[in-house]
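# Summary of structural features
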Amino acid sequence: MKSEFSARIDAGLIAWPQGLTTSLFMQFRKTILENQQYLNPQRSEGFAGLGDYAAIGEGRSVALIAPDGSIDWWCAPNLDSKPLFDQILDPQIGGFFQIVPLADYRVTRNYRENSNVLETRYDTDSGSVLLTESINSTLAGRLPWSELARRIDGLEGEVTLKITLRFATAAETRSPWIADSAQGKVYHIADLMAMLRTSEEIILDHVDDERISGTLTVSKGARSLCALLVTEKEPLAVPDMKAIDGRIDTSDTAWRDWVNSLSYSGRYSSLVIRSALSLKFLWYSPTGALAAAATTSLPEGIGKEKNYDYRYAWVRDACLIIKAFICLGALEDCKAAFSWLTKTIIDHGVRLRACYTLEGDIVPEERFPALRGYQDSQPVRVGNNARDQIQLSMYGDMLATAQGFVEAGHVLDLTTARLLGELANCCADSWRQKDSGIWELPEEQHYTHSKMACWLALDRAVILAERKYIEPTWVERWKRERDRISQWIESHCWSEKLQSYTFYVGSDEQVDAALTLMHHYGNSVNPERMRATYRVIRRELGNNGAMLYRYSGVDREESTFLACSFWMVEAWAAMGDGAGAEEMMTEILALLNRRGNVDIFNEMYDVRSQSWRGNMPQGLSHLALIFAAQGLSNAEKSKS
C-alpha cells in the first residue's frame, strides 16, 4: 500500500525545483522519498545524525526535532538563551521532549506548504497518527511568552505514544524544581518558568523535579495536545488549551501570508521560498538581527575542535539577508534588518566588530560548559572570540548593501548617510592592514578577498556619492584609493604559476573559495584573471566538482562548505557562463537531496561520508542558495 506522501507525489501535488531536467526530476523523486521516511530511527550512543533534524520556530527561538520525535535543542525564550533542551550536545544529562510510538514505526515528515509548521506521520502495524508542531505566534506577530505546541491526530487504527520531558540543567549549573499553582504544576529553571499543558486523555504516570513521563493512546478521529509554555523573569500566562491548539493553524496562516507577500519570480522558486522560510527561523524579530545559526558547537568535523557558537549576528550575514529581502520583495523585513545594522554600528563605532549579539551588544567571550559535545566533539562553546578580530571585508559588505538598499527604493536619513561616508573613510585608511579574513583565522595576513572587498567598498561609496545618496566631499579620495587597491591586488595577489589569485600574499599555491563573492571586482578590473581563478578553485577545492572546501588544505579537518558551492554558481553566472553555473547548481541539488534534514541546511556537507556537518539551520547556506538562483535568473534574462 502506498504512503500518503507517495500518493501526493504521484498525483503531482509536490512542487519540484524549477529548472531540473526530466532525468534529474526522476532522481529527485526517488531520493526525496528516501529522505522523508525512516524505519525505527536509531541513535548512535544517544546522538541522532546531524542530517536527521527538522526545525520549528517563531522568529525568536528555534527547536530542532529528531525523527524519533525528540526535541533535542531549544533555547528559550530567545535564540541565544541558555538551552531548555540540549540533548544534541549531551545525551546523558541533556534536556529533551519526546513523543514517539511505543511499537515499531515508520516516520515521514514535511512542512505544510509555504509554512514552517511541521507535520510528522507515524505509521505502525496497528495504526497511524499525525503530529503537527509549531512554536506559536499570532497574525499580529509573536506572543509575549513562548508556546511550543504539539498536536496529535489519530488517522487510522490505534497507536500508543510515550511522552517524556526532561529539562536541561545548563551543564549542571541550574536545577529544575516543581511547584503547585492554581493553574497547575509550574517548573522553575533558574529565571525561567515553564508549564506542560496536556489534554485530559494523556496519562502522566511520573512527575517530579527532573522528569515528566506519560502515555497516550490515540484512535482514528481523536485529537490531543501537548503544549509547553515558557517565560523568563515575567509572570506566566496560562491560555486555554483550545486557544493554544487554534494558534497552530493561526501560525500556519501567518507563515503563508508572509510567503504570499513576497514577489520573487525567478528560477528555482520553490527552493528559494523554502530557504526564505528557513531564514525566518533565524531572523530575530524583536530587533531585526539575523543569527548565523540556531545552535552552538555542532562540529565541522566529528571529534575535532572547530565547534563554534553561531547564535549571534555577523555583519556579513546581516548585509546578505538585506540583499536577500530585496531580492524577495520583503520590504518590511529589509528595512528592519538595515535599521538594526546601522543602529548597532552607530552605537559601537565604525571600527567594525565581526559580530554582535541579537540585541546589538558585544558578544561574550568564549567559555566552555562541561558538556560531552556532539559525538564527543570538544570543546562545547558559549560566546565567540571572533568579536575581537579585524575583518576588513565588512566594509565592502556594508557599502554594497547600502547601494542595493537605496536602489531598491529606500531613502537614507542623514545620520545613516553620514555613517556610510565614515565607513568609506575608515576603509580607505585601513585597507593596507593585515586582518583575519572572512574565515576568521588566527593568523593575520594580507588576504586577497579582504583587499578586493575594500576595493568594492570604495567603488560603491563612489557610486553612492555620485548619485547623491551620500555626501560627496571625499569622492575623489575614494576613487584614488580604490584604484590603488586594485593595482596592489594585481601586483601582489596574482600567481603566474597557479594562474589564479591567491589565498593571501605569499601563498603562491593556495586558493580561497571566498573569491567567488568578488565577481564584481573581476568583471570590473580583470575578467580573464577572475575566470581563471574560478577554474582553479573548482579544480583545487572541489576536485572539479561543484561542492567546494573553503580554502586550500582545510579538507583535512572539515567538510565542504555549502555556501561556497552556491557562491560559485552565482559567480559563474555573473561572469557570463550561465550554462556552467546551471550545471553546478543541478549537481549540488542532486547531491544534497540524497540525504538531509527536512528542508534546512547545515553549514557543511561531507561528500566522503554523505552526511551533514556544522551548526543548523545555517543562514549563510540558505542565503547562498537564494543568490545562486537569482544569479541564474539574471543570466537567463540577459540572454533573452
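Note that the structure is a prediction, hence the values are computed from the model and not measured.

What counts, and where the lines are drawn
- Residues numbered from 1 in each chain as written.
- Predicted model: local features only at pLDDT ≥ 70, side-chain atom pairs only at ≥ 80, totals over all residues.
- Heavy atoms only, no water.
- Domains from an automatic or database assignment.
- Buried area = accessible area lost by both parts, 1.4 Å probe.
- Salt bridge = Lys/Arg side-chain N within 4 Å of Asp/Glu carboxyl O.
- Polar contact = N/O pair within 3.5 Å; in protein donor to acceptor, adjacent residues only side chain to side chain.
- Helix = DSSP H or I, 4+ residues; strand = E, 2+ residues; numbered from the N terminus.
- Axes fitted to C-alpha atoms, helices over the stretch in contact; angles between N-to-C directions.
- Parallel < 35°, antiparallel > 145°, perpendicular 65-115°, else oblique.
- Left-handed = near helix turned anticlockwise from the far one by under 90°.
- Contact = heavy atoms within 4.5 Å.
- Phe/Tyr/Trp six-rings, centres within 6.5 Å; stacked < 30°, edge-to-face > 60°.
- Buried < 20%, exposed > 50% of the residue type's maximum accessible area, 1.4 Å probe, protein only.

### A word on the domain arrangement of the chain
- Domain boundaries assigned for the chain yield domain 1 (41-250), domain 2 (287-492) and domain 3 (496-639).
- Both faces combined, the contact of domain 1 with domain 3 buries some 800 Å², and carbon together with sulfur accounts for 67% of it.
- At the junction of domain 1 with domain 3, the criterion picks out 0 salt bridges.
- Linking domain 1 to domain 3 there are 1 residue pair in polar contact (both at pLDDT 80 or more).
- Among the secondary structure elements, those contributing two or more residues to the side of domain 1 that touches domain 3 are β2 (54-57), β3 (62-65) and β7 (106-111).

### What to know about the packing of helix α5 (residues 315-328) against helix α7 (residues 393-407)
- Where α5 meets α7, the closest approach of the two axes is 9 Å, and the angle between their N-to-C directions is 20°. Our classification of the angle between α5 and α7 gives roughly parallel. Seen along the crossing, α5 lies across α7 with a hand that is left-handed. For the pair α5 and α7, contact is made by Val315, Arg316, Cys319, Ile322 and Ile326 and by Met394, Asp397, Met398, Thr401, Gly404 and Phe405, respectively.

### Points about the packing of aromatic side chains
- Applying the stated criterion across every chain yields a total of 27 aromatic pairs.
- When the ring of Tyr310 is compared with that of Trp314, the centres are 5.7 Å apart and the planes differ by 75°; the resulting orientation is edge-to-face.
- Residue class for Tyr310 comes out buried when judged on its relative accessible area of 10%.
- By relative accessible area, which is 2% here, Trp314 ends up buried.
- Ring centres 5.2 Å apart and planes at 85° place the aromatic pair Trp455 and Tyr521 in the edge-to-face group. Here Trp455 is found in helix α9 (residues 448-466), whereas its partner Tyr521 is found in helix α11 (residues 519-525), with 66 residues between them in sequence. Accessibility classification places Trp455 together with Tyr521 in one group, the buried group.
- Taken together, the ring pairs in this structure connect Trp74, Phe85, Phe97, Phe167 and Tyr187 into an aromatic cluster.

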